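Structure at a glance
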Amino acid sequence: MTGQPVLEAAVLEIDGVGLQIGGAQILRDVSLSVAAGEMLGVIGPNGAGKTTLFNVISGVLTATEGVVRLDGREVTREPIHTRARAGLGRTFQTSSLFNGLSATENVRLAAQVQAGGATRVTRFPRGSDDANRVAQDRLAEVGLASRGHALAGGLSHGDKRKLEIAMLLAMEPRVILLDEPMAGVGSGDVPGLMDVIRGLHHGGRTVLMVEHHMEVVMGLVDRVAVMHHGELLACDTPQKVMADERVQSAYLGATA
Ligand SMILES: Nc1ncnc2c1ncn2[C@@H]1O[C@H](COP(=O)(O)OP(=O)(O)O)[C@@H](O)[C@H]1O
Ligand SMILES: [Mg+2]
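Residues numbered from 1 in each chain as written. Chains lettered and ligands numbered in written order. Predicted model: local features only at pLDDT ≥ 70, side-chain atom pairs only at ≥ 80, totals over all residues. Heavy atoms only, no water.

1. Here we look at the site of ligand 1
All residues in the neighbourhood of ligand 1 are listed as Ile21, Ile26, Pro45, Asn46, Gly47, Ala48, Gly49, Lys50, Thr51 and Thr52. Thr51 places a polar side-chain atom, nitrogen or oxygen, 2.9 Å from an oxygen atom of ligand 1. One nitrogen or oxygen atom from the side chain of Thr52 is found 2.5 Å from an oxygen atom belonging to ligand 1. The dominant element in the shell around ligand 1, judged by the number of residues it contributes, is helix α1 (residues 50-58), at three residues. A breakdown of the residues in the shell around ligand 1 according to their chemical character gives four nonpolar, five polar and one charged. (Near = heavy atom within 4 Å. Polar contact = N/O pair within 3.5 Å; in protein donor to acceptor, adjacent residues only side chain to side chain. Helix = DSSP H or I, 4+ residues; strand = E, 2+ residues; numbered from the N terminus. Nonpolar A, V, L, I, M, F, W, Y, C, P; charged D, E, K, R; others polar.)

Written out as structure tokens, the structure is:
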């Protein structure tokens, strides 16, 4: 605990979080408060601890020091599914689609898990249920309404990422963690994907996004958190972060 005041509107608080694995200190004393509806970029060189931070927030890993709170409630040691039920959703750096199923079926599965748990997936009628409606709505929200019948495996990288976001939306998250959503996406698909991410935010959701591409982050987010060697180097508006000398030498210097 760092003793910082708890912000009333903070939907996510990371307070003095550390992670030790074996002898290695992967995260060190990370404190960050994210307001409801905020869009936060997370940048930093490879190996800085960005994905690990998302893992500690979502419950894939448990912090060895400090506290994680969702809506003011401590979830530091809660499992992934409890945090998901509390409204936390994430995408992974690598794809998690069922390539042999259609786009609609992928989102349907996510909606069915949300509605009734994974074991009931096969018992939903196929034709005209709630899950189908949710799937259509979510596909439309990410701009894939006309691609519903396409096999997920046949979509472009950009559309795959949109489909992953549609699946995430079917889980009805209020706080969304996106880990390098532009990874592997052709430059022609980047603006469309940025629009989808902007839309998540305008829908009132809180978004945290790890992104390597500075120009993408800077054009989207309210604040930028800079990770370096497992520590939070700075967290401020894009303009202030860009002007920060420590950030320039540590991050920009390291990747130049
Ligand atoms: N489960 C783990 N066990 C041991 N080391 C890990 C584990 N997860 C991540 N690391 C190490 O932690 C550091 C940060 O990794 P990561 O969070 O993936 O960085 P980033 O996403 O910023 O590129 C790296 O040095 C990585 O090798
Ligand atoms: Mg990573």
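Having put the structure on the table, let's press on.
2. So, the confidence of the model for the chain
The share of residues in the chain with pLDDT of 70 or more is 88%, and the mean pLDDT across the chain is 87. Within the chain, helix α9 (residues 245-255) has the poorest average pLDDT of any element, 71, and strand β4 (residues 65-70) the best, 98. (pLDDT = per-residue confidence, 0-100.)

3. Overview of the sheet that holds strand β3 (residues 39-43)
Overall, mixed pairing links the six strands, which are arranged β6-β7-β8-β3-β9-β10 in an open sheet. In the strand order of this sheet, the two ends are held by β6 (88-90) and β10 (231-236), each with one partner. Recorded for the sheet is a direction-independent mean angle of 15° between the axes of neighbouring strands. Lying on the sheet, α1 is in contact with β3, β6, β7 (175-179), β8 (206-210) and β9 (223-228); it crosses β7 at an angle near 150°. (Pairing = 2+ DSSP bridges. Axes fitted to C-alpha atoms, helices over the stretch in contact; angles between N-to-C directions. Contact = heavy atoms within 4.5 Å.)

4. Quick word on the packing of helix α5 (residues 157-170) against helix α6 (residues 190-202)
Where α5 meets α6, the axes come as close as 10 Å, and the angle between the chain directions of the two elements is 15°. On the basis of their axis angle, the class for α5 and α6 is roughly parallel. Two packed elements cross with a definite hand, and for α5 against α6 that hand is left-handed. Two secondary-structure elements touch here, α5 through Gly158, Arg161, Lys162, Ile165 and Leu169 and α6 through Gly192, Leu193, Val196, Ile197 and Leu200. Residue composition of the contact of α5 with α6, grouped by class: six nonpolar, two polar and two charged. (Parallel < 35°, antiparallel > 145°, perpendicular 65-115°, else oblique. Left-handed = near helix turned anticlockwise from the far one by under 90°.)

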